[in-house]
Structure formats: C-alpha cells, structure tokens
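Given next are the chains, with one letter for each unit.
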Amino acid sequence: MASPFDLRGKVAIVTGGNGGIGLGMTRGLADAGADIAIVGRNQAKSDTVAADMMARGVRAVAVTADVTDKDAVTAMIARVGDAFGRIDILINNAGINIRKPPQALELDEWSEVIETNLTSAFLCSKAAYPALKAAGGGKIINIGSMMSIFGASFAPAYAASKGGIVQFTRACACAWAVDNIQVNAILPGWIDTDLTRTARQQVDGLHERVLARTPAARWGEIGDFAGIAVFLSSAASDFLTGTAIPVDGGYSVSA
Ligand code: NDP
C-alpha cells in the first residue's frame, strides 16, 4: 500500500526555503519525494539549497522574488508552473521581525513587517490558487508563531501579522475546501535560526526564559519542521483544514 505521506509527483513552493525553518521544511518535502521551488531574495543562498535538493533525487528550482511585490509573485508562480507543469503545495514561510515597543515603531517598519509576514501570504496564495485548483486540489501551509497566541512588548507588528495569518488561514480554508485545497498554519515555538539569533542579542535573558518555559527543555531545530510539513502537505491530512498547530516543545501549554 502507498504511504499517505508520499509526495512523489507533487510540486511544492517554499517561500524563504533557502534558510532557517523554511530549509528544514524543504528538506522534509524533498525527502518525501516532492519537487521543490525555493523562493527568496538571495539567489546564491537559494541556488545552494536547490543543488542540495537535487542531490536528494528531486527536481528543484531557485526563484528569486520579493514576496511583498505583487508582480514578482505573479512571475514566480508562472516560473514554477513553466518549470514543473503543476503546483500542489505552497508554504508561506518568509518572515521578518523588527523588535521595538509600539511607541518606537515607525509606520514604514510596521508596514514592512505586515507586508512580509501577512500580505505576502495573501499575494502568494491568490496567485497560486488557479494552479492548485487545476491540479485537482492542494495544500497551503502558513507559518505563524507563538505570537499568533501571545503578545510581546517588543513585537507589535510581528504579533499583529502572526495573529492575522491564523485568521487568513481560516478564511482560505473555508473558501477553498470546495476546491479540495486544505489550508493550515504551523505555529513554531522558539527555534534556533538567524531570526532568533538576532533576538537573543537584542532581548536580555530571552535564551534562558525560553529554556525555562519549554517543557522539552531545548530550543527547536529546523529539522523539527520536516515531519509537520510533510504531514500537512500529504494525503495524510486531507480532512484537516483551518487549523493552527503549535510545534513548540510544549511552550504554548506551559504556565
Ligand atoms: P530566517 O531569518 O532564518 O529566514 C527567513 C527567510 O525568509 C529567509 O529564507 C529569507 O530569504 C526569506 N525572506 C524574508 N523576507 C523575504 C521577502 N521579502 N521575500 C522573499 N523571501 C524573504 O527566519 P526563520 O527561519 O526563523 O523564520 C521563518 C518563518 O518562521 C518566519 O515566518 C518567522 O516569522 C517564523 N517563525 C520563526 C520562529 C523562530 O523561532 N525562528 C518562531 C516563530 C515563527 P532571503 O534572505 O533570500 O530573502
């Protein structure tokens, strides 16, 4: 019997797939057999990851695009369609943070975070929808955060974007169930990446506070996202839509 986690013959787009959590998910999808489009602004980083994916035995393309730019997103989707002939899976993972309290955050900083973390998911999902529908169904995975649930004094725009991404996930799940497109969110806990390396430099005591609150007693690793990405991309999750799943070592259920 075929494995319900088998992704051979499927085509996945991972925004921000050239580093951090996106790279962890990209590796998981490739190991399950999916062909991969890696989307980021840094072409050299994306090329390196595409070569790594091809070495794992799947087809891969690196597509340079700023996911806040509507025209670039349209061109990116067209490029992936041309390269592989179909699109089955979209992971909206690209994200940034600007850490300041609300009273110090400038409007352009607010907009940059909202556009990168939230508007990009709208642009990519809308642009990918016709191809997912034409494929007979598909999967969209949006990346939230613990700040989809909790607040933080230093992350007003980030928390707003990550709360918004959960509601956007639910709206798309309702709209596109009829097209056999499942839309879910992953809420990572505290994961060791470039993003949080900066946070640990900027926020006093963060490293220790995370360790103390996380029942698993460690920071997450990018490899922790391979399994959940495969599950939410595969037939194993065909009746699961509109959810937001914490992958956090228990952080969100710990007092
Ligand atoms: P990284 O900084 O390691 O990676 C971010 C990725 O996003 C890079 O690959 C970057 O590629 C890409 N990216 C950023 N802006 C754009 C843009 N405008 N257009 C295209 N690509 C872009 O971050 P993480 O791996 O830590 O974070 C990934 C996601 O997970 C984010 O949404 C983040 O908010 C979320 N998250 C992370 C947590 C953590 O603890 N690390 C916790 C909770 C959520 P390039 O430089 O080539 O543009």
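Everything in this summary refers to the structure shown in the same document. (Residues numbered from 1 in each chain as written. Predicted model: local features only at pLDDT ≥ 70, side-chain atom pairs only at ≥ 80, totals over all residues. Heavy atoms only, no water.)

### A word on the overall build of the protein chain
Looking only at helices and strands, the protein chain features 8 helices and 7 strands. On C-alpha atoms alone, the protein chain measures out to a radius of gyration of 17 Å, which is about the 18 Å that the 2.2 N^0.38 rule sets for 255 residues. Its C-alpha atoms put the protein chain at 50 × 40 × 35 Å along the principal axes. In the protein chain, which comprises 255 residues, the proportion classed as buried is 52%. Working note: accessible area of the protein chain is about 11200 Å², and carbon and sulfur atoms make up 56% of it. Distance between charge centres in the protein chain, computed from 22 positive and 24 negative side chains, equals 4 Å. (Helix = DSSP H or I, 4+ residues; strand = E, 2+ residues; numbered from the N terminus. Rg over C-alpha atoms; globule rule 2.2 N^0.38 Å. Buried < 20%, exposed > 50% of the residue type's maximum accessible area, 1.4 Å probe, protein only. Areas by Shrake-Rupley, 256 points an atom, 1.4 Å probe, with all protein chains shown as cover. Lys, Arg positive; Asp, Glu negative; His and termini not counted. Charge placed at Lys NZ, Arg CZ, Asp CG, Glu CD.)

### A few points about the sheet that holds strand β1 (residues 11–15)
Spatially, 7 strands are ordered β3-β2-β1-β4-β5-β6-β7 in an open sheet, and the strand pairing comes out parallel. This sheet does not close on itself; its edge strands, each paired only once, are β3 (60–64) and β7 (244–247). The sheet shows a mean angle of 20° between the axes of neighbouring strands, direction not considered. Pairing between strand β5 (residues 138–143) and strand β6 (residues 181–188): 6 bridges, direction parallel. Among the inter-strand pairings, Lys139 is bridged to a residue of β6, identified as Gln182. (Pairing = 2+ DSSP bridges. Axes fitted to C-alpha atoms, helices over the stretch in contact; angles between N-to-C directions.)

### Some details on the nonpolar core
Ranked by internal contacts, the top residues of the largest apolar core, which has 52 residues, are Ile13, Met76 and Val80. Looking at this core, the elements with two or more residues in it are β1, β2 (35–40), β3, α3 (70–84), α4 (107–134), α5 (156–176), β6 and α7 (206–213). With 9 residues, the single largest contributor to this core is α5. What Val80 contacts, discounting residues up to four positions off in sequence, is Val11, Ile13, Ala37, Val63, Gly85 and Ile87. Of all hydrophobic cores here, the second largest spans 31 residues; its members include Ile38, Ile89, Ile143 and Leu232. (Core = buried A, V, L, I, M, F, W, Y, C linked by side-chain atoms within 4.5 Å. Contact = heavy atoms within 4.5 Å.)

### A few points about the pairing of β5
Among the 6 residues in β5, 6 count as buried, and that is most of the element. Taking every second residue as pointing to the same face, both faces of β5 are buried, with Gly138, Ile140 and Asn142 on one and Lys139, Ile141 and Ile143 on the other. Sheet topology places strand β4 (residues 89–92) next to β5; 4 bridges connect them, and they run parallel. Each residue of the ladder has a partner; that of Ile91, found in β5, is Ile141. Following the chain from β4 across α4 to the adjacent parallel β5, one finds a crossover that is right-handed. In this region the chain leaves β5, passes through α5 and returns to the parallel neighbour β6; the handedness of that crossover is right-handed. (Right-handed = clockwise from strand over helix to strand, strands pointing away.)

### Description of the pattern of salt bridges
On inspection of all chains with the given rule, the structure shows 13 salt bridges. For the salt bridge of Lys133 with Asp179, the shortest nitrogen-to-oxygen distance reads 3.9 Å. Of this pair, Lys133 sits in helix α4 while Asp179 sits in the loop between α5 and β6, placing them 46 residues apart in sequence. Take Lys133: its relative accessible area is 44%, and that puts it in the partly exposed class. Residue Asp179 is classed as buried on the basis of its relative accessible area of 13%. For Asp192, the salt bridge is made with Arg200, and the minimal N-O distance between the two is 2.8 Å. Of the residues examined, Asp192 reaches a relative accessible area of 34% and is grouped as partly exposed. (Salt bridge = Lys/Arg side-chain N within 4 Å of Asp/Glu carboxyl O.)

### A few points about the packing of α4 against α5
Running from N to C, α4 and α5 cross one another at 15°; their axes reach a closest spacing of 8 Å. On the basis of the axis angle, α4 is roughly parallel to α5. In this structure, α4 meets α5 at a crossing whose hand is right-handed. Listed contacts from α5 to Trp110, Val113, Ile114, Asn117, Leu118, Ala121, Phe122, Ser125, Lys126 and Tyr129 of α4 are Pro156, Ala157, Tyr158, Ala160, Ser161, Lys162, Gly164, Ile165, Phe168 and Trp176. Taken together, the residues that form the contact of α4 with α5 break down as 14 nonpolar, 4 polar and 2 charged. (Parallel < 35°, antiparallel > 145°, perpendicular 65-115°, else oblique. Left-handed = near helix turned anticlockwise from the far one by under 90°. Nonpolar A, V, L, I, M, F, W, Y, C, P; charged D, E, K, R; others polar.)

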